[in-house]
Each structure stands twice: as structure tokens, then as C-alpha cells.
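Chains, contacts and geometry: an overview
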Amino acid sequence: MKAIIFDFDGTLADTLPVCFYAFQSVFKDFDNKEVTSDEIKAMFGPSETGIIRENLLDSNYDKAIELYYEKYKEKHQELVLENEEINDLLLFLKKEGYKLGIVTGKASRSLLISLDCLNMKDLFDVIITGDDVSKPKPHPEGLNKAMAQLNITNTDAIFLGDSDADILAGKQANVHTIGVQWLPNYQTLEFGVEPDQRLSNINEFIQVLKNVYK
């Protein structure tokens, strides 16, 4: 096993609350519409800019997208706390010599805000965002791009995510999938597609790596 690839929102960082806040601000300001967290989750797949362009009734998309990023950044430090266990996990993986990757539907702009706020920006060997693919998860394009950039094959990688789209993308890319529910907010209560493994505790993953992949 050479590479550990992660989804981001709900997997590496508890960013769903700030995503919901920013989307709710946009729909309220531009469509005068209250949207619930579940309604926003149902829109997930494309990047934030794609979600706004596909779902906002008001056609002033550029201003709406700017408002999204403004609200996302404004509330990030209040709503997204650093997670010591995640930080320790990433540092452990680096120390053990694993290549680290992110494959996310997020736009690069919001991901960079999060990585900067959480002091994670120098930890990853490859990052594929929603801006880098023409087909978002559950299509495997992002994972395949990440593996190509890392110069590895599907048998060299694990993909961890918190949504059905993550698990489906992993299965279509023929990588080992781990469904995680280890942060306070994650996307999928019950996986519709069974991952190869499920984990609800971050430290369990370290044990899995030590026992299974070494």
C-alpha cells in the first residue's frame, strides 16, 4: 500500500456546518428561500460553483458564488475546529512514508481556504478538486487522475470517504474503500453501497494499517 487518498468534507475536516451556512446565506439572499441541510446535501456532487449554477433560481451566479466564498471564509474558524486526531493521523501517515491525496468535489478556492485555516496545506502529494474533473464523484475520474499523478496503480491505494458517492467512485476505480463516520458531521448515515470497510474511530485506521497493510 503506497497511497492513502481522502475525501475532504466530512472525512478530513468537519466542514459541513460551514458549507451549509454559506449555501443557506446564498439561497436566502438571492432566492429568498430557506434551504435545509438535507436539501443542500442532496445537491452535493458538483463543486460549490456548480451547485449554485444548477440550483439557484436567480441567474446572478457570479455574485452568488462570491457571496458563498465570503460566507465560507468568514465563519470558517468559528464553525470548523482543528481536529487533533486527524492531524496526528496525517502526520503518522507521512512519517510512515505513505503518499497522501485528496479527491474532493469542492472547488479549489474553498478547499484552499480550509487547508490554510487548518494548517494542512503542505501535507498532500496530490489534490484533485471539483475544478479538475469533468465528471464528479461517483464517477472515478478524480481518483484515476490522482493515482496517475502519484504514478501508482489501483492496488496501491486506499480511498476513504463519508458518502455513497465516495464509495461508488472508489469501487469504480477498483481501489479498496473505507467508509468513515468519525467526525461529528458526515454525509451518509447508512451507506447505500457497502464499502470494503467501515470505521467510526480515527485511531482504528492506524491499527488497520499496522495490522493489515504492513
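Refer to the preceding data block for the structure.
Bear in mind the structure is a predicted one, so any value in this text is a computation, not a measurement.

The secondary structure content of the protein amounts to 9 helices and 6 strands. When its C-alpha atoms are laid out on the principal axes, the protein stretches across 55 × 30 × 30 Å. For the protein, the proportion of its 214 residues judged to be buried stands at 52%. The contacts in the protein between residues at least 6 apart in sequence include a share of 68% that link residues at least 24 apart. A total of about 9900 Å² of accessible surface is found on the protein, and carbon and sulfur atoms cover 45% of it.

On to the packing of aromatic side chains. As enumerated under the stated definition, the model contains 5 aromatic pairs in all. The interplanar angle of 15 degrees and the centroid separation of 6.3 Å between the aromatic rings of phenylalanine 20 and phenylalanine 44 together place this pair among those described as stacked. Placement of the pair is phenylalanine 20 in helix H1 (residues 16–31) and phenylalanine 44 in the loop between helix H2 (37–43) and helix H3 (48–55), with a sequence separation of 24 residues. The exposure class of phenylalanine 20 is buried, given its relative accessible area of 8%. With relative accessibility at 23%, the residue phenylalanine 44 sits in the partly exposed group. Arranged with centres 6.3 Å apart and planes meeting at 55 degrees, the rings of tryptophan 182 and phenylalanine 205 form a pair that is tilted. Pair noted here: tryptophan 182 is in the loop between strand S5 (176–180) and strand S6 (197–199) and phenylalanine 205 is in helix H9 (residues 202–213), with a separation of 23 residues, a long-range link. Since its relative accessible area comes to 9%, tryptophan 182 is described here as buried. A connected cluster of aromatic rings, assembled from ring pairs, spans Phe23, Tyr68, Tyr69 and Tyr72. Taking the ring centre of tyrosine 21 as reference, the NZ or CZ of lysine 75 above it sits at 5.5 Å.

As a further point, take the pairing of S5. The element S5 is extensively covered by neighbouring structure, given that 4 of its 5 residues are classed as buried. By the bridge criterion, 4 bridges tie strand S4 (residues 157–161) to S5 in an arrangement that is parallel. Paired with glycine 161 across the two strands is glycine 179, which belongs to S5. Tracing the backbone out of S4, into helix H8 (residues 164–172) and back to the parallel element S5 gives a crossover that is right-handed. As paired strands, S5 and S6 are joined by 3 bridges and run parallel to one another. Residue pairing in the sheet places valine 180 in a bridge with leucine 199 of S6.

Below, the discussion takes up H8. All buried positions along H8 are accounted for by Asp166, Ile167, Ala169 and Gly170. Looking straight down H8, one finds that the buried residues subtend no more than 160 degrees of arc, so they occupy a single side. Contacts from the buried residues of H8 go to helix H7 (141–150), S4 and S5. At the C-terminal side of H8, asparagine 174 shows a positive phi close to 60 degrees.

This brings us to the sheet that holds S6. Reading across from one edge, S3-S2-S1-S4-S5-S6 is the order of the 6 strands in this open sheet, with parallel pairing throughout. With one partner strand each, in any of the chains shown, strand S3 (126–128) and S6 form the two edges of the open sheet. If you compare each strand with its neighbour and ignore which way they point, the axes differ by 20 degrees on average. Contacts from H7 reach strand S1 (3–6), strand S2 (99–103), S3 and S4 within the one sheet, and its direction differs from that of S3 by about 155 degrees.

Rules used throughout
Residues numbered from 1 in each chain as written. Predicted model: local features only at pLDDT ≥ 70, side-chain atom pairs only at ≥ 80, totals over all residues. Heavy atoms only, no water. Helix = DSSP H or I, 4+ residues; strand = E, 2+ residues; numbered from the N terminus. Buried < 20%, exposed > 50% of the residue type's maximum accessible area, 1.4 Å probe, protein only. Contact = heavy atoms within 4.5 Å. Areas by Shrake-Rupley, 256 points an atom, 1.4 Å probe, with all protein chains shown as cover. Phe/Tyr/Trp six-rings, centres within 6.5 Å; stacked < 30°, edge-to-face > 60°. Lys NZ or Arg CZ within 6 Å of the ring centre and 35° of its normal. Pairing = 2+ DSSP bridges. Right-handed = clockwise from strand over helix to strand, strands pointing away. Arc of directions from axis to C-beta. Axes fitted to C-alpha atoms, helices over the stretch in contact; angles between N-to-C directions.

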